[in-house]
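# Structure at a glance
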Amino acid sequence: MSGKTPTPSLKHLAKEADTLKKKLDKLQKECATVFNNPSASNRQDKLKRFYQDCVDMRNDMTDLNNRITKMTKADEPTKMSNFDSKKDDEVKRLTKMLDQVKEMEKKLEPDETEEDYYSDDQEYARKIKEELNSEEDGVDEDEEYEEEGEEEGEEEYTDEEGSYEEEDSEYEEEEVEEECEEEENGEDDSDIKVEPEYELLYDFVAQKKGDLEVKAGEIVILRSVRDDSWWVCENQNGETGLVPSNFLKPHVKYSDLMTEDDPQTPISPRTGKELWGSIKKALSETSATDVLHAFGAVPPGFRLPTSARLHSLNEKHTLLNYGAVKLSNSNLFYKDLFYNPATSKVRPRTARIQKVVTLLEAKNIPLPGEKVVVHSRLARLSLFDGSKFLSNIVTTLAHVTDKEGRNWRFLVKPTTLESSECFVRIAEPSNQIGILIELSVVFSKEGDPEKVSELSCGWAFKPMFEENGTLILNKEYDLMVNGGTPFEKDVEVDPSIARRTSSRFMSLLSRNKQPTLVIKTNAANNEQKERFDVLPSVVVGKVPYLHSMALYRHYLACVLLRDRDNLQSTEPVFEPFLAHFPQLLEMPDLTDLLLERWDLKLKSKSRTDRRDVEVLVNTLVSTFTEWIYPLMHAHLPTYKAGYPNSIKKRAELVSAFKIKGEQKNTGLAAMLDPSIEYEPFDMKELSFSVNGPQCIAAV
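Keep in mind the model is a prediction, meaning the values are calculated, not measured. (Residues numbered from 1 in each chain as written. Predicted model: local features only at pLDDT ≥ 70, side-chain atom pairs only at ≥ 80, totals over all residues. Heavy atoms only, no water.)

This part covers the packing of helix 14 (residues 588-603) against helix 17 (residues 644-664). Viewed as axis vectors pointing N to C, helix 14 and helix 17 meet at an angle of 20°, and their least axial separation amounts to 11 Å. With respect to their mutual orientation, helix 14 and helix 17 come out roughly parallel. Here helix 14 runs over helix 17; the crossing is right-handed. In contact with Asp589, Leu590, Leu593, Glu596 and Arg597 of helix 14, helix 17 contributes Arg650, Val654, Lys658 and Glu662. A per-class count over the contact of helix 14 with helix 17 returns three nonpolar, no polar and six charged. (Axes fitted to C-alpha atoms, helices over the stretch in contact; angles between N-to-C directions. Helix = DSSP H or I, 4+ residues; strand = E, 2+ residues; numbered from the N terminus. Parallel < 35°, antiparallel > 145°, perpendicular 65-115°, else oblique. Left-handed = near helix turned anticlockwise from the far one by under 90°. Contact = heavy atoms within 4.5 Å. Nonpolar A, V, L, I, M, F, W, Y, C, P; charged D, E, K, R; others polar.)

Dropping the structure here:
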């Protein structure tokens, strides 16, 4: 008699995976209950046991995964038509389960400085695990015996489609659910699984894919907590998505029946490990913002910058989207770009709001904390209606006017980044729309300049319409700077400065210490208005950009509407300038170089040529091709406004390119310099898509 162990079939290994899946589901529920109940009895002991269970379960899953991976079709004892596809499905399922176990294990992992974390309970945990394994082994033996008896009376395991029978799989899933319900019903009342519920304080409108749109007062179930203050929640319809944590408060059932005399649930004191856990985690990460929050060193109203996050997240809130020409609903023509053959210009389109907004100064802005180095101070401007951002976001650099760094001053006409003179245009606004300005600082810890972070110092909002529905007047406005994010209400930047005082005199003194932002609104002059009328329906930008943006729109109309033989053709157009100019406007250092070289070329033109739109456009395009296009494909660091390392490295490379170009009187000569590296050539760089995603996407 041969002593060789029979090779298990793939079906048998799949049932082993089902058993592990049941254990994983049960462990996840138990962990969630203990995590969300700080006052649970023997909480630390349970967490230790859960961690050890995760380690053992990970080992079991890894072993099973290796066995299935090494298994070949020749090893399968039963005939199976599509063995490879079923094997791949099982490997994918086990890989997903392994990821879930590793994530749980990471959350349960004890502090590495506590070497004796398990010293008292190692033997106890080992005994418990051996008992569990012995019980599971007994269950497996019984199941194997039953399977052998069933297989004797069943037909050979195969089918024409090569997949498990649907009835068998449904029956096995029902068995798993029934066993889980029986296990849960057999537990003590102290281990009842309670899902944490939270109530919405305000309405939240989804900003991007993955957000969960909810209403104030709605009850949601918390599924997971993230470090960036966006929590994964599930509403009553079973929809899951991200919700800002500051929009939530714990939901207490039957709170309307409680009285003041009802005893409150005691909160157990936090252990030393729990108290130092957040600080240790912050120190292990690269963000100086998290470190300061962990130590409580920043003002309570400071947050991570909302505008910066939206701007860097994708292209939705940049000029790549809002500066692109838009197709109509039928996608057969453009809805915001029209060419007038009689005047040989773009047909103007008026808008209800066309304002020049100038940032003047910010007063009494608190510092981010002690022992930090502030590298730059920024203001980000956009259109906002109280629930969502309605335009692209532009950034302006500020300078300090006092030794403490609490008062900021904005400049009007230096470089494009520092210019505080902005414009806003929207064709059909709502009465709730206004200008949102978010203030932020870019900083690092003393002695650690490499770890640079950005922190929001507050925000100010100025509605574009008065209460009677008329446009706001053109004058200066002192705006109160609010703390928190633009979606939070009634949050002060620094609550230590009380706004409500007993006397009127003290109230006036307190008001003078409040953070404020001073802005000024103006109507566009005749020259600016002519350029405004050819811009997209919704756009925010810098006034120094205005002329070049208007010429870009004129060139778009000439290429797409005047010079094309077939207006219905979707073939890409060979125009690098059209393809890259909106992206260029998001890089002020390269935009400054373009405007500088363009101005030098125009000085050599006659006065008549400087008034000719065609000459202006052709000069702008040639300047871009000669000086900017090569730099946009050089190995430049990603542009980050206010970040010193990014700005310094880019400035050095741009300066070297400019010097080499000026020596030969052409920027193209710098491309032969071996000290400047360029990206590999791609034909897509030279083509402009007439129906790209920015053209089709709705604003």
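The rest of the description comes next.
This part takes up the pattern of salt bridges. Within this structure, the stated rule accounts for 21 salt bridges. The partner of Asp385 in a salt bridge is Lys388, with the nearest N and O atoms 3.3 Å apart. You can call Lys388 partly exposed: its relative accessible area is 34%. By sharing partners, the salt bridges in this structure join Glu16, Asp63 and Arg67 into a single network. (Salt bridge = Lys/Arg side-chain N within 4 Å of Asp/Glu carboxyl O. Buried < 20%, exposed > 50% of the residue type's maximum accessible area, 1.4 Å probe, protein only.)

To continue, consider the sheet that holds strand 2 (residues 219-224). With antiparallel pairing, the five strands of this open sheet are ordered in space as 4-3-2-1-5. Taken across any chain shown, the strands that pair with only one partner, and hence form the sheet edges, are strand 4 (240-244) and strand 5 (248-250). Each strand axis lies, on average, 50° off the axis of its neighbour in the sheet, ignoring direction. Direction of pairing for strand 2 relative to strand 3 (residues 230-234): antiparallel, over a ladder of three bridges. Bridge pairing links Ser224 to Val232 in strand 3. (Pairing = 2+ DSSP bridges.)

In this section: unusual backbone geometry. Unlike most non-glycine residues, Ser344 shows phi in positive territory, near 55°. Residue position: Ser344 is located in the loop between strand 6 (339-340) and strand 7 (345-346). You will see that Asp490, though not glycine, has its phi angle at about 55°, which is positive. Within the element layout of this structure, Asp490 appears in the loop between strand 15 (476-480) and helix 10 (504-512).

This paragraph deals with the packing of aromatic side chains. Given two aromatic rings, one states the distance between the centres and the angle between the planes to describe the pair. On inspection of all chains with the given rule, the structure shows 17 aromatic pairs. Note on Phe384 and Phe487: the rings are 5.8 Å apart at their centroids and 70° apart in plane angle, and the pair reads as edge-to-face. In this pair, Phe384 sits in strand 9 (residues 372-384) while Phe487 sits in the loop between strand 15 and helix 10, placing the two residues 103 residues apart along the sequence. Like Phe384, the residue Phe487 is buried in the burial classification. Each member of the aromatic cluster is reached from another via a ring pair, and the members are Tyr202, Phe204, Trp230, Phe247, Phe384, Phe389, Phe461 and Phe487. Just above the ring of Tyr643 sits the side chain of Lys640; from NZ or CZ to the centre is 5.4 Å. (Phe/Tyr/Trp six-rings, centres within 6.5 Å; stacked < 30°, edge-to-face > 60°. Lys NZ or Arg CZ within 6 Å of the ring centre and 35° of its normal.)

Spacing of three or four residues puts side chains on the same side of an α-helix, whose turn is 3.6 residues. Its 16 residues place the ends of helix 14 22 Å apart at the C-alpha level, agreeing with the 22 Å of an ideal helix rising 1.5 Å per residue. What helix 14 keeps buried is the set Pro588, Leu590, Thr591, Leu593, Leu594, Leu595, Arg597, Trp598 and Leu602. In this structure, the buried residues of helix 14 make contact with helix 12 (546-562), helix 13 (576-584), helix 15 (607-610), helix 16 (613-632) and helix 17. (Expected span 1.5 Å × (residues − 1).)

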